[in-house]
Amino acid sequence: MHVGPSIGNYDVLSAAVQPNIGFASPEFNSAMKSSLEGLRYITGAADSYTPFILPGSGTVAMESVMSFIPRNSRILVVSNGVFGDRWEAIMSRYPVAIKVLKAEAGKSVSLEDIDHEVSSRRYFAVAMTQVETSTGVKLDVESVAKTVRNKVDLIIVDGVASIGGENMQAARWGIDVVLTASQKALGAQAGAGLLVASRSAIEKLREESISGYFADLRNWSDLMNKFLAGGGGYFATPPIGTVFSIQKSMALIRSETIEARIKRHEICSQAFRAGISHMGLEILASEKLRSNTVTGVIVDGIDIPDFLQRCMKKGVEFGAGVHPAFRDRYFRVGHMGWVKPEHIITALNVIESSLEEIGKEVGHGSALAAEEVFSKHHEI
Ligand SMILES: Cc1ncc(COP(=O)(O)O)c(C=O)c1O
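Residues numbered from 1 in each chain as written. Predicted model: local features only at pLDDT ≥ 70, side-chain atom pairs only at ≥ 80, totals over all residues.

(A) Structural detail: the overall build of the chain. What the chain contains, in helices and strands, is 14 helices and 13 strands. Its C-alpha atoms give the chain a radius of gyration of 21 Å, within 12% of the compact-globule value 21 Å for 380 residues. The C-alpha extent of the chain, read off along each of the three principal axes, is 60 × 55 × 35 Å. Considering only contacts within the chain whose residues lie at least 6 apart along the sequence, 73% involve residues at least 24 apart. (Helix = DSSP H or I, 4+ residues; strand = E, 2+ residues; numbered from the N terminus. Rg over C-alpha atoms; globule rule 2.2 N^0.38 Å. Contact = placed C-beta atoms within 7 Å.)

(B) Main features of the UniProt feature "domain: Aminotransferase class V" (unreviewed entry) in the chain. The UniProt record marks residues 24-325 with the feature "domain: Aminotransferase class V" (unreviewed entry), using the residue numbering of this structure. The span residues 24-325 shows a helical share of 39% and a strand share of 17%, and its end C-alpha atoms are spaced 48 Å apart. (UniProt positions renumbered as here; feature names shortened; annotations may be inferred.)

(C) Looking closely at the domain arrangement of the chain. Split into domains, the chain comes out as domain 1 (11-256) and domain 2 (258-375). Taking only C-alpha atoms into account, the centre of domain 1 sits 28 Å from that of domain 2. Domain 1 puts 26 residues into the contact, and the matching count from domain 2 is 24 residues. The set of elements that each furnish at least two residues to the side of domain 1 that touches domain 2 consists of α2 (26-43), β6 (137-138) and α10 (240-256). Its residues assigned to classes, the side of domain 1 that touches domain 2 shows nine nonpolar, twelve polar and five charged. (Domains from an automatic or database assignment. Nonpolar A, V, L, I, M, F, W, Y, C, P; charged D, E, K, R; others polar.)

(D) Geometry of the nonpolar core. Counting residues in each nonpolar core, the largest one holds 109 residues, and the members touching the most others are Val 126, Val 177 and Val 178. Two domains share this core, each providing at least three of its residues, namely domain 1 (11-256) and domain 2 (258-375). Ignoring anything within four residues of it in the chain, the contact list for Val 178 reads Thr 43, Val 157, Gly 159, Ile 163, Met 168, Ala 170, Leu 195 and Val 196. (Core = buried A, V, L, I, M, F, W, Y, C linked by C-beta atoms within 7 Å. Buried ≥ 20, exposed ≤ 12 C-beta atoms within 10 Å, placed from the backbone.)

So, in structure tokens, the structure goes:
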């Protein structure tokens, strides 16, 4: 139950293992088409949005948004942690001016601060992170979009740790760019960065580019439209196996429905946190900001790497803490992708017994606290 790659599904992961299928084959073209259409479906993007699947990872998708941004633009970054800060790290390589609003660990930048900032200066774009993987904090991107929509040209959301496990309505909420990665809540093989871009974002590709070569979406947009039309083509070698894995993931998401999938994530995350609270442990994210996909658990007075090793020996992998303010005091749990109640129960039992082994008394019964949540939800 790492924060990524997330909980796997045999059919989705094994779909990547094919005889050597070429990227010019009808099978690959068809896998790209259904994956691109699936991407629109899970992000709430209208047909007017162009979906992209790029070789690489979430970071490539992040960097590719520089294709939409003119030289000397001013960009507001809303950062709730390490991955929000990554926007700054990427954008500072380009000729743009960046202002970063930062939240304390476990908290979120407030709507008032965002509103104040976009009202006091002209910003071309606002970039934010829906679920901050370093803390598990969920940003209310719908409200942020509403607040800034009439004041900026481009609204960009990093949904790497949220798309497929949290609600996203790109078209309805007026978000121009939503991006993700194959290995997170999509639960597919690693190897691709994915994004959808509104018509207004795509129109900006007509202007002069400050982006580099590989991640310049000018090189990719016509190709994506060819896949959508049932054809194919080449700009750079695509992650062929990963695309077959994404295709399978999208097919399973469609049969489950995105609404039911998000509900499953919500119930599993609630059950997990009920178990953690039963142990008397603290959750890093403030109560109203907790996400469906990631939870940071604070445990003081133990050696976290040793604890994580013990959990690993019992067959469950969690993520180490990465937020500098809490680094040695917490670990991160990804409850996303193909998460089911049995994963939550196993995770809680493993946490409980590993803590007991190292002399941290947390009592028993956390799995029962989680079962109580599941017993109220028969839909999963
Ligand atoms: C919110 C968020 N954004 C961006 C990234 C970077 O994605 P990748 O590691 O796929 O490049 C991650 C990775 O964990 C993430 O969680």
